[in-house]
Amino acid sequence: MKKRSITLIIWFMSIALLGVMAMQYFFIRQSYIQKSQIFDESVKASLSVVANKIERQEVYEYTNKQAKLNQKKFAEDQKIQREKEIILAEQIALQDEINKLRVKNFDARDRYRNEEEDLKRNFPNAAYVSNTFFETYVRRKDYHHLITFSIEKSYDILDPTLPTISTVVGASKRIAEVAGRDDSTRFIIPIVNDATLQVHSFAWATLPPTEDAATRMRLQEVEQKLKDLNYRKLSVATNLYDTIAILGGKDNKVMEDITASIAMSKRPLKERIKTDLAMHYLQEELYNRGIVSPFLMEIRSSPSAPLIIQAASQMDNEDLLPIKDVVGYSTALFQGDQGKSPGLLSIYFPYKDSHIASNMTFMVIAVLALLSLLVGCFAYTLTIIFRQKKISEMKTDFINNMTHEFKTPVATIMIASESLRDKEIASNENRVAKLANIIYDENVRLGSHIERVLNIARLEKENLNIERTKVHMNALVSNVLESMHLQMDKADGTLQVDLAATQDVVIGDELHLSNVIFNLLDNAIKYSKDTPHITVKSINTKHSITISVADKGVGMSKEHQEKIFEQFYRIPTGNIHNVKGFGLGLSYVNNIIKILHGKISVKSEKDKGTQFEVTLPLHATNSTS
């Protein structure tokens, strides 16, 4: 593979990886915004419920207190009494119903919002359409061709690298409209070609109504009834609490005293609210909506008025000070009082961001795990590409070396063969015999090269025929050394042999083990500086025999020691041009030794020589004798 192609692949993979990271960032950011909005809605709903509970609790306590007072029957007209009793009961019942309807309406909106978020998450380009449009153009297939789509791509101001696709659905021709069948919410999902932004088909999705229409209408109806009841209050009872007091049987004198001293609407705001109870209500409602973050509660008569009550939930004392730069949530207290609400209940969440982030932990971990997997795959792919490129280069060197190694004996055979065709040379028996020996030797050399390549190929395919017989290693090493004497004599080398192993029988293949020793000796001769000085030893170590071949040649660095057993790898020899080969010998040696359950190691220093050690397990009967 060309360097330019690899560079392009790296660029494309990097761009794709950065695109995935950008999309994941956009997804997490949008999820955070949505969860923040849900948090705000939940807090506001909780405040509304708590404010109603505080008001109802005050009514309950005041009623119980009045019930313990004088139980004398009041002398008011029974008709007025019944009417006031009905008004009171209706007021309380209506207020309870209003609270329930508000919670129900909020839950309906919350359910719709969750379903809409799921739809937008799966289909970001989904577009809302009215039920009339849906019934007129979408439900009737004959008018699908009139539907038009406008696809626009815009960019986020905060992050211009993230495009946002918006869809506008319309009609190319106006036809008679068909009224919607229900109040469900409809969305059109165009199937868009990402490159051209052209819509080639579409689908649609139906979500529940944004809110329960029946609940909304009922809420408006009940609120109006409550408002009408307030106007119907009798002149003798100025508010709800006076009515309760009259129902308790107090005479005019008693009622004047009670109204003047403990009328609930006239009491100081701090006395009307129990801090612990309000805090309990807030914690309970927030917990029911999945919010357990610490918060600060404050009660004032108005946003800028002095503090009346302050309390903290799960916060240290220093956090009780007014919190700056924190968004607060507020709701009016005692809205049932005539006139302006006397108080404002506010809460602050100094750790809102931490709370939302903790709810997104699983999603963030999943995203990070996915990104880590992608980065890992990217790195692994690049490693494989560079490794394959290196192997390709090594194979190219192997082919070049093989061509050179084969070319020399072939050329020699051709020259000798042409000489034999000369009648003068052919009549000379000595010259013919010499040329025949040359042809034979070069054929043997070619056969040796071919056999070496074939053995490596068989090893890769794992179909090399390995015999397993008893082999005497000392005798095998001696035979190989004897066959190498001519090569050593030609190089004017010296050979030192010390076969001291007393137990030398192993289970292996005599031919391949001979090739192993031959390759080690051949390398020792090739990589000697001038005249080879080689030492061959055999020793016993526990239940194994170790054969070592050491030379005083050029040696090698640690970097080369880690790679010499790889196929096609050859140590650079600088100006030494007589070192030839394919880079297969040591790879072959390593594979054969592993197949026979042995191990091979190398010790070497630059310009000081190299020592190879082959360790093989002894035959069982041999090792125990």
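Here the structure is a predicted model, which means the values were calculated and not measured.

About the cut-offs
- The residue numbers shown here count from 1 along each chain, following its written sequence.
- In keeping with the model being predicted, local features are shown solely for residues with a pLDDT of at least 70 and side-chain atom pairs are shown and tallied solely at 80 or more, while totals for entire chains, interfaces and linings include all residues.
- Here the side-chain values reflect all heavy atoms present in the structure, with hydrogen atoms and water set aside.
- Helix numbers and strand numbers start at the N terminus; a helix is a DSSP run of H or I with at least 4 residues, a strand a run of E with at least 2.
- Working definition: with a 1.4 Å probe on protein chains only, accessible area under 20% of the residue-type maximum means buried, over 50% means exposed, and in between means partly exposed.
- Only heavy atoms enter the contact rule, under which two residues are in contact if any of them lie within 4.5 Å.
- Only the protein chains shown count as covering a residue, and every accessible area follows the Shrake-Rupley method with a 1.4 Å probe.
- A pair of Phe, Tyr and Trp rings is counted when the ring centres sit within 6.5 Å of each other, with Trp represented by its six-membered ring. The angle between the planes then sorts it: under 30 degrees is stacked, over 60 is edge-to-face, the rest tilted.
- Strand pairing is assigned whenever DSSP detects at least two bridges linking the two strands.
- Fitting a line to C-alpha atoms yields each axis, with helices limited to the stretch in contact; the angle taken between N-to-C directions then spans 0 to 180 degrees.
- Oblique is the label for any angle not under 35 degrees, not over 145, and not in the 65 to 115 range, which are roughly parallel, roughly antiparallel and roughly perpendicular in turn.
- Two helices that cross are described as forming a left-handed crossing if the nearer one is turned anticlockwise from the farther one by less than a right angle, and a right-handed crossing if clockwise.
- All amino acids are sorted into three groups, where Ala, Val, Leu, Ile, Met, Phe, Trp, Tyr, Cys and Pro are nonpolar, Asp, Glu, Lys and Arg are charged, and the leftover types, Gly among them, are polar.

Description of the overall build of the protein chain
Counting secondary structure elements, the protein chain contains 18 helices and 16 strands. Expressed as a percentage of the 625 residues in the protein chain, the buried residues total 38%. Partitioning the intrachain contacts of the protein chain with sequence separation of at least 6 by distance along the chain shows that 71% fall at a separation of at least 24. Accessible surface, the protein chain: about 37,100 Å² in total, of which carbon and sulfur atoms supply 55%.

As for the environment of Leu146
If you trace the backbone, Leu146 turns up in the loop between α3 (131–138) and β2 (147–155). Overall, the relative accessible area of 9% leaves Leu146 in the buried class. Linking Leu146 and Gly170, residues 24 residues apart in sequence, is a C-alpha distance of 8.4 Å. Dropping the residues within four chain positions of it, Leu146 is found in contact with Tyr137, Gly170, Ala171, Ser172, Lys173 and Ile175.

A look at the packing of aromatic side chains
Taken as a whole, this structure holds nine aromatic pairs when the rule is applied. Between Phe39 and Phe349, the ring centres sit 5.0 Å apart and the planes meet at 80 degrees, which makes this aromatic pair edge-to-face. One end of the pair, Phe39, is in helix α1 (residues 3–68); the other, Phe349, is in the loop between β9 (343–348) and α9 (352–359), and 310 residues separate them in sequence. Taking the relative accessible area as the measure of exposure, Phe349 reaches 3% and is therefore buried. One aromatic cluster is present, formed by Phe39, Phe295, Tyr329 and Phe349 through successive ring pairs.

Quick look at the sheet that holds strand β4 (residues 185–192)
As summarised here, the arrangement of the three strands in space is β1-β4-β5, forming an open sheet in which the pairing is antiparallel. Two strands in the sheet have a free side with no partner beyond their single neighbour: β1 (127–129) and β5 (199–207). Strand-to-strand twist of the sheet, defined as the mean angle between neighbouring strand axes without regard to direction, takes the value 35 degrees. Two strands pair when backbone bridges link them, and β1 and β4 are joined in this way by three bridges, in the antiparallel orientation. Across the sheet, the residue bridging to Tyr128 is Phe187, located in β4.

Side note on the packing of helix α13 (residues 473–483) against helix α15 (residues 510–526)
At their nearest, the axes of α13 and α15 sit 10 Å apart, and the two run at 55 degrees to each other. Our classification of the angle between α13 and α15 gives oblique. Once α13 is placed against α15, the crossing between them reads as right-handed. Contact residues: α13 offers Met473, Leu476, Val477, Val480 and Leu481, while α15 offers Glu510, Leu513, Ser514, Ile517, Phe518 and Leu521. The residue makeup of the contact of α13 with α15, split by class, is nine nonpolar, one polar and one charged.

With respect to the sheet that holds strand β15 (residues 599–605)
Sheet strands associate in pairs through backbone hydrogen bonding, adopting either a parallel or an antiparallel arrangement. With mixed pairing, the five strands of this open sheet are ordered in space as β11-β13-β14-β16-β15. Here the strands that pair on one side only, and so sit at the sheet edges, are β11 (494–499) and β15. The sheet shows a mean angle of 15 degrees between the axes of neighbouring strands, direction not considered. With eight bridges joining them, strand β14 (residues 544–551) and strand β16 (residues 609–617) adopt antiparallel strand pairing. Paired with Ser548 across the bridge in β16 is Glu613. Sheet strands in contact with α13 are β11, β13 (533–541), β14 and β16, and its direction is about 170 degrees off that of β11. Where α15 meets the sheet, its contacts fall on β13, β14, β15 and β16, and the angle it forms with β14 comes to roughly 25 degrees.

Remarks on the pairing of β14
Summarising burial for β14: eight of the eight residues are buried, a large majority. Both faces of β14 are covered, namely the face carrying Ser544, Thr546, Ser548 and Ala550 and the face carrying Ile545, Ile547, Val549 and Asp551. Where β13 folds back onto β14 in an antiparallel hairpin, the turn is made up of two residues, including Lys542, whose phi is positive at roughly 55 degrees.

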